[in-house]
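Survey of secondary and tertiary structure
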Amino acid sequence: MAETRKTRVLIVGSGPAGYTAGVYAARAMLEPLLVQGIEPGGQLTTTTEVENWPGDTEVQGPDLMVRMEAHAKAMGCEVVSDIITSVDFSRRPFVCQSDSGTVYVADALILATGARAKWLGLPSEEKFKGFGVSACATCDGFFYRGQEIVVIGGGNTAVEEALFLTNFASRVTLIHRRDELRAEKILQDRLFKNPKIEPLWFHQLDEVYGTDNPLGVEGVRVKHVKTGEITDIPCKGVFIAIGHAPANELVKDVLETHMGGYVVTKPDSTATSIPGVFAAGDLTDHIYRQAVTSAGMGCMAALEAEKFLAEEGADAQVQAAE
Ligand code: FAD
Ligand code: NAP
């Protein structure tokens with residue numbers, strides 16, 4: 001029979017937002033339970049150096065997330081390896097089904113499911129996914145030692161991936177649809193100084209081509225966005241870095257979303273349209289999407305959940321006394 005776990009606060013997600021919520025909720029003596037999801041530690045586990053986490057001039061993303069997990073646990077947050085598959089938001093306590101079969105029942109919910117890499121949606125991208133097409137340089141860069149690689153995108157992720165890939169690749173072409181990068185200036189500076197990286201402006205990926213047996217990439221066909229001219233670029237690896245979309249599957253039909261699926265919260269708050277449900281981090285943030293802002297929202301969510309439960313407790317006492 002399925003196990004049922006009851007908790008005052010269930011935190012869904014183990015990125016900076018989730019673990020920070022865990023620290024604050026535990027210190028509020030709420031004995032929170034945190035479900036890690038498919039990517040324990042979240043997006044920062046897919047990168048190397050993080051240089052903008054206050055207090056650390058440079059820290060490896062995966063190390064930082066191990067420390068955050070340890071911190072949350074040390075404060076008394078229980079961390080569980082599981083995935084929430086659905087939530088019944090129609091009544092309280094909220095009942096959450098999970099991949100393991102355990103049913104989590106919670107008086108308050110903190111949703112911190114973050115964001116996931118976007119794909120272009122090309123059939124050839126899908127065909128070669130895992131066979132030369134990737135969205136994670138730190139995961140797959142090692143397979144392309146001495147090879148030519150292309151990176152698609154112009155944001156922080158694309159530039160960081162291109163720089164990281166120069167550790168392995170003989171040459172990296174950064175293909176961007178404009179002639180201006182969205183990435184931070186410090187990263188742009190490093191990119192333009194790196195002799196192994198060549199930007200290709202005003203181009204879009206049209207098709208990935210390669211062999212069928214064995215499945216493998218031989219190159220990309222790119223199109224000039226103004227002239228429509230097609231060019232073939234031979235390469236063995238294609239890294240798609242065109243941004244991230246909020247991981248809103250649990251809530252998209254229930255909570256209001258905007259700007260491409262980000263959960264709407266009340267102004268200056270993590271409260272959603274459902275009392276007792278709070279949302280934090282990249283799930284709600286279409287503007288900043290940083291580790292430190294996610295952590296800040298995790299803090300806010302825990303403090304707001306604590307206040308919500310305290311006020312509810314007070315109301316229940318008043319009703320009992322009446
Ligand atoms: P995420 O880190 O996205 O974590 C989401 C969590 O939710 C995961 O643990 C996942 O397993 C869990 N989850 C999802 N669905 C479920 C479910 N159904 N059940 C249970 N759990 C679930 N920011 C910086 O400030 N500095 C940087 O240097 C930096 N570098 C980056 C490099 C890369 C390559 C990328 C992709 C991002 C980078 N960012 C950086 C952005 C930063 O990683 C994010 O802003 C931050 O991780 C968002 O935190 P989060 O807690 O909202 O969610
Ligand atoms: P992003 O900032 O949204 O950039 C996405 C890039 O991909 C843009 O350059 C965009 O082009 C391009 N793009 C989008 N759709 C495309 C399409 N269909 N075809 C071709 N190109 C397309 O995403 P991100 O770089 O993944 O960053 C996400 C968040 O994480 C950001 O907030 C970022 O600051 C943060 N992050 C931070 C760090 C860091 O602090 N060091 C590192 C990584 C990520 P346009 O520019 O033309 O729109």
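Refer to the structure above for everything that follows.
First, a word on scope: everything that follows refers to the structure included in this document. (Residues numbered from 1 in each chain as written. Chains lettered and ligands numbered in written order. Predicted model: local features only at pLDDT ≥ 70, side-chain atom pairs only at ≥ 80, totals over all residues. Heavy atoms only, no water.)

**Side note on the overall build of the protein chain**
On a plain count of helices and strands, the protein chain comes out with seven helices and 21 strands. What you see for the protein chain is a C-alpha radius of gyration of 22 Å, in line with the 20 Å of a compact globule of 322 residues. Considering only C-alpha atoms, the protein chain reaches an extent of 75 × 40 × 35 Å along its principal axes. For the protein chain, the proportion of its 322 residues judged to be buried stands at 48%. (Helix = DSSP H or I, 4+ residues; strand = E, 2+ residues; numbered from the N terminus. Rg over C-alpha atoms; globule rule 2.2 N^0.38 Å. Buried < 20%, exposed > 50% of the residue type's maximum accessible area, 1.4 Å probe, protein only.)

**What about the state of the cysteines?**
Two cysteines, two sulfur atoms, one covalent bond between them: this is a disulfide. Applying the stated criterion to the full structure yields one disulfide. Put simply, Cys 136 and Cys 139 are joined by a disulfide, and their sulfur atoms are 2.0 Å apart. Where Cys 136 bonds to Cys 139 through sulfur, the torsion about that S-S bond is close to 70°, and the disulfide is right-handed. In this structure Cys 77 is a free cysteine whose sulfur lies 14 Å from that of Cys 299, the closest cysteine sulfur available. According to the relative accessible area criterion, Cys 77 is buried, its value standing at 4%. (Disulfide = S-S within 2.5 Å.)

**A closer look at the nonpolar core**
Core analysis: the biggest nonpolar cluster contains 34 residues, and Val 9, Tyr 19, Trp 53, Ile 110 and Phe 278 have the highest contact counts within it. When residues of this core are assigned to their parent elements, the largest contribution, eight residues, is made by helix 7 (residues 291–321). Residues in contact with Trp 53, not counting those within four places in the same chain, are Val 59, Leu 64, Met 68, Ala 291, Val 292 and Ala 295. In this structure, Leu 10, Val 80, Ile 84 and Ala 106 belong to the second largest nonpolar core, which totals 22 residues. (Core = buried A, V, L, I, M, F, W, Y, C linked by side-chain atoms within 4.5 Å. Contact = heavy atoms within 4.5 Å.)

**Considerations on the environment of His 203**
Inspection of the secondary structure assignment puts His 203 in strand 14 (residues 203–212). Under the relative-accessibility criterion, His 203 is labelled buried at 9%. Setting aside anything within four residues of it in sequence, one finds His 203 in contact with Ile 175, His 176, Arg 177, Val 222, Lys 223, His 224, Val 225 and Thr 231. Reaching out from His 203, the side chain makes a polar contact with the backbone oxygen of Trp 201 at a distance of 2.7 Å. (Polar contact = N/O pair within 3.5 Å; in protein donor to acceptor, adjacent residues only side chain to side chain.)

**Looking at the side chain of Glu 161**
With respect to the helices and strands, Glu 161 occurs in helix 5 (residues 156–165). Despite being buried, Glu 161 has no salt bridge partner; Arg 190 is the closest side chain of opposite charge, sitting 14 Å away. Beyond its immediate stretch of four places on either side in the chain, Glu 161 contacts Ala 135, Cys 136, Ala 137, Phe 239 and Ala 241. (Lys, Arg positive; Asp, Glu negative; His and termini not counted. Salt bridge = Lys/Arg side-chain N within 4 Å of Asp/Glu carboxyl O.)

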